Amino acid sequence: MNRKNTFRALSFLLVAGLYFFPQSSSAEGDELLIYCGAGLKNPMDEIGELFEDRYGVKVYYNYAGSGQLLSQMQLTKKGDVYMPGATYYFDIAKDKGFIDYQKPVAYHIPVIAVPEGNPANITSLDDLAKPGSRVILGDPRACAIGKLADEILEKRGIFGEVKKNVVARTATVNELVLYVSIRKADASIVWKSLLVGVEDKVDAIEIPEEQNLIKIIPIGRLTFSENKDKAGEFMDFVTSDEGRAVLSNFGYTPYPDEKYAG
Amino acid sequence: MKSTRAKLKGSKFEALTVFLTLLLVAFILAVLVCIISYTTPQDFLQSITSHEIQFAIKLSLLTSIISTALVIIIGIPIAYSLARYNIPLKSLINTLVDLPLALPPLVAGVGLLLFFTTPLGEALEDVGLRFVFSPLGIVLAQFLVNAPFTIRVLRSTFENIDSRYEYVAQTLGSSPMRAFLRVSLPMSKGGILAGSVITWSSAMGEFGAVLMLAGATRLRTETLPISIYLNMLCGDLDMAIAASSVLIFISFLSLFIFEKYSGGHAY
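Rules used throughout
Residues numbered from 1 in each chain as written. Chains lettered and ligands numbered in written order. Predicted model: local features only at pLDDT ≥ 70, side-chain atom pairs only at ≥ 80, totals over all residues. Helix = DSSP H or I, 4+ residues; strand = E, 2+ residues; numbered from the N terminus. Contact = placed C-beta atoms within 7 Å. Buried ≥ 20, exposed ≤ 12 C-beta atoms within 10 Å, placed from the backbone. Domains from an automatic or database assignment. Pairing = 2+ DSSP bridges. Axes fitted to C-alpha atoms, helices over the stretch in contact; angles between N-to-C directions. Right-handed = clockwise from strand over helix to strand, strands pointing away. pLDDT = per-residue confidence, 0-100. Nonpolar A, V, L, I, M, F, W, Y, C, P; charged D, E, K, R; others polar. Core = buried A, V, L, I, M, F, W, Y, C linked by C-beta atoms within 7 Å. Parallel < 35°, antiparallel > 145°, perpendicular 65-115°, else oblique. Left-handed = near helix turned anticlockwise from the far one by under 90°.

The next subject is the overall build of chain A. Scanning chain A from terminus to terminus reveals nine helices and eleven strands. With the C-alpha coordinates aligned to their principal axes, the bounding extent of chain A is approximately 75 × 50 × 35 Å. Counted over contacts in chain A with a minimum sequence separation of 6, partners at least 24 positions apart contribute 78%.

Below, the structure is given as structure tokens:
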């Protein structure tokens, strides 16, 4: 009897488990899958919630490095919207014919991140080339900031020297901030907006505009989206006054802006 | 008797169990075939001979051999003490030694990373023992994840050897250490070899703890599993498949050696 009950309980659990197992199909038509650069997580989570309340459409994010996302959509041919950290990967997606509607969202400004108190006394890009500085950068094939940091250093003519100081490369910008905050590196190049909220652990050092490469965060609808109307509405919402207000709160400069107009 | 047997043989129950077994075998084969048959031989050859995969193979071999050697050298005395001696709180110690076995390697890796942010960890780094973002970290991560399993295998090997052999050796004038070295150790050769091979294979495939502690830096801490991860996330399937195939080959090889030398013991 006892054994029979155990068997019944197990069968019930199995059936219940299968019934409640989350389904990833979007057959209902009232949900969106957004491929979003991992660095944009904080504001986009909030914008997603606002959009869900307003339009009754469930928004699912796939957060990863921008290059990583590109290869995911290439393999799966699924999803509705792509929002990478910079236009580089977006242009590749456009070349591949994945994008049929696009909008600029905000500026992404690279800064130097150092642990609180700046133990290695880094004050400029050139200091990243100082022998003994432990520099951590993003993987150029995986995330937008990795690609951009290499370009900034090349533009400054110190890429070769800094390369010798690179202790590691990561797949997302979020990991860079984490490793700097636990003092496993003396400096990194990250998006300025990522340092909002972690001021007690990481300090930002501005890069002079003439040395810097400021990028625009784009958002685009995927050609293989099965829910184009809602995807378009989502993009319009992100770039609406409401969406822009959320982005400003998280330290982004919404597009367009006079300061970076040139 | 004979009729009962015949009945059992043709029963629906037998058909069901055999069917399930065949289904699982087919599933496993399908998964392996999917990996191996994805690329063309030319692409495969090009990937496997690329600088990146060659680096990953060498780094994986180097780190896994060192970590396996460390696990075995340190594991033998530990396993012996757990098998033979009455240590206070033995069951608690046994549980703690086994704990990383049940712990996801990712969690072990996060713990290791945080350990190196403590003053003790920082002191180790100051004297030049750099584990974070370094191949040394790969060895340490493999060691922590694999040591409990290996110690379990070795412990059960020693437990299977009658301690009377050692007593006899000792009554004939051997010291406990000599008795261990000359009697128990040679008798447990098969178990030690089998344990080493499985430990090595598992070290070759260790991913989670390595990713957390040593990071995934191309051509620096890029072992074969890290190479699969990096190339999958950048969309280079050919490279990921080349690295996967090497790991599949190693799994077959080590399983073959394990079966041969473990003498049919189940651990």
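So that's the structure; there's more coming.
Now for the overall build of chain B. When its secondary structure is counted, chain B shows 14 helices and zero strands. Taking the principal axes of its C-alpha atoms as reference, chain B extends roughly 70 × 65 × 30 Å. A total of 267 residues make up chain B; the buried ones form 35% of that total. The long-range fraction of contacts in chain B, counting pairs at least 24 apart against all pairs at least 6 apart in sequence, stands at 78%.

Turning to the domain arrangement of chain B, a few remarks are in order. Many analyses report the size of an interface as the accessible area lost when the parts associate. The assigned domain composition of chain B is domain 1 (1–37) and domain 2 (50–261). The gap between the C-alpha centroids of domain 1 of chain B and domain 2 of chain B is 34 Å.

What follows is about the interface of chain A and chain B. With 17 residues of chain A at the contact, the number on the chain B side is ten residues. Secondary-structure elements contributing two or more residues to the side of chain A that touches chain B are α3 (66–76) and β7 (166–170) of chain A. Counting residues per element, the side of chain A that touches chain B draws most heavily on α3(A), which supplies five residues.

Now for the sheet that holds strand β9 (residues 202–205) of chain A. All names here are of chain A. Reading across the sheet, the five strands line up as β7-β6-β8-β5-β9 and stay open at both edges, with mixed pairing between neighbours. Each edge of the open sheet is held by one strand with a lone partner, namely β7 and β9. Going across the sheet, the axis of each strand differs from the next one's by a mean of 35 degrees, ignoring polarity. Along the sheet face, helix α7 (residues 173–181) touches β5 (110–115), β6 (135–138), β7, β8 (187–191) and β9 and points at about 140 degrees away from the line of β8.

What follows concerns helix α7 (residues 119–126) of chain B. Along α7(B), only zero of the eight residues are buried, which leaves the element largely exposed. Positive phi appears at Gly128(B), one or two residues downstream of α7(B), with a value of about 100 degrees.

Now for the sheet that holds strand β3 (residues 81–83) of chain A. Residues and elements named next belong to chain A. The strand order β2-β1-β3-β10-β4-β11 describes an open sheet built from six strands, whose pairing is mixed. Whereas interior strands pair on both sides, the edge strands pair on one side only; in this sheet they are β2 (58–64) and β11 (253–254). One ladder, built from two bridges, connects strand β4 (residues 99–108) with β11; its direction is antiparallel. The partner of Tyr107 across the bridge, within β11, is Thr253.

Residues and elements named next belong to chain A. By the bridge criterion, seven bridges tie strand β1 (residues 31–37) to β2 in an arrangement that is parallel. Bridging from a neighbouring strand, Leu32 pairs with Val59 of β2. Each parallel crossover has a hand, and the one from β1 via helix α2 (residues 41–55) to β2 is right-handed.

All names here are of chain A. Judged by how many residues are buried, strand β10 (residues 215–222) sits mostly within the fold: seven of eight residues are covered. The pairing of β4 with β10 spans eight bridges and is classified as antiparallel. Paired with Tyr107 across the two strands is Ile216, which belongs to β10.

So, on to the environment of Pro208(A). On the secondary structure map, Pro208(A) appears in the loop between β9 and β10. Spatially, the C-alpha atoms of Pro208(A) and Leu125(A) are 9.3 Å apart, while their sequence positions differ by 83 residues.

All names here are of chain A. Of note, Gly56 is situated in the loop between α2 and β2. Take Gly56: there are 9 C-beta atoms within 10 Å of it, and that puts it in the exposed class. In this structure the C-alpha to C-alpha distance between Gly56 and Phe224, which are 168 residues apart in sequence, comes to 22 Å.

On to the confidence of the model for chain B. Of all residues in chain B, 95% have pLDDT values of 70 or greater, and the mean over the chain is 90. Of all helices and strands in chain B, the one with the weakest mean pLDDT is helix α1 (residues 2–9) of chain B (58), whereas helix α4 (residues 51–84) of chain B scores best (96).

A word on the environment of Leu153(A). Residues and elements named next belong to chain A. With respect to the helices and strands, the residue Leu153 is situated in helix α5 (residues 144–156). With 22 C-beta atoms packed within 10 Å, Leu153 lands in the buried category. In this structure the C-alpha to C-alpha distance between Leu153 and Thr6, which are 147 residues apart in sequence, comes to 65 Å. Each residue touching Leu153, except ones within four places of it in the same chain, is listed here: Ile158, Phe159 and Val162.

To continue, consider the domain arrangement of chain A. Residues and elements named next belong to chain A. Domain boundaries in chain A define domain 1 (8–107 + 216–257) and domain 2 (110–205). In this structure, domain 1 and domain 2 have C-alpha centres spaced 27 Å apart. Contact residues are listed per partner, giving 16 residues for domain 1 and 16 residues for domain 2. Listed by contribution, the elements that provide at least two residues to the side of domain 1 that touches domain 2 are α3 and α4 (87–95). Considering each element in turn, the side of domain 1 that touches domain 2 owes the most residues, three residues, to α3. Counted by class, the side of domain 1 that touches domain 2 contains eight nonpolar, eight polar and no charged residues.

Residue and element names in this part refer to chain A. With an omega of -5 degrees, the peptide bond between Tyr255 and Pro256 qualifies as cis. Note on placement: Pro256 falls in the segment after β11. One non-glycine residue, Lys77, adopts positive backbone phi at about 50 degrees. Here Lys77 shows up in the loop between α3 and β3.

Bringing the nonpolar core into the picture now. In summary, soluble globular proteins display a tendency toward joint burial of nonpolar side chains. Residues Val81(A), Leu112(B), Ala141(B) and Leu213(B) are the most contacted members of the largest nonpolar core, which totals 107 residues. When residues no more than four places from it in sequence are discounted, the contact partners of Ala141(B) are Gly109(B), Leu112(B), Glu206(B), Ala209(B), Val210(B), Leu213(B) and Ala214(B). Listed in part, the 18 residues of the second largest apolar core include Ile57(B), Ala194(B), Ala203(B) and Ile241(B).

Below, the discussion takes up the packing of α3(A) against α4(A). The description of two helices packed together rests on the angle between their axes and the distance between the axes. Residue and element names in this part refer to chain A. Contact pair α3 / α4: the axes reach a minimum separation of 9 Å and the direction vectors enclose 15 degrees. With respect to α4, the axis of α3 lies roughly parallel. Considering only the axes of α3 and α4, their crossing is right-handed. Touching Ser66, Gly67 and Leu70 of α3 are Tyr89, Ile92 and Ala93, all from α4. Split by residue class, the contact of α3 with α4 holds four nonpolar, two polar and no charged.

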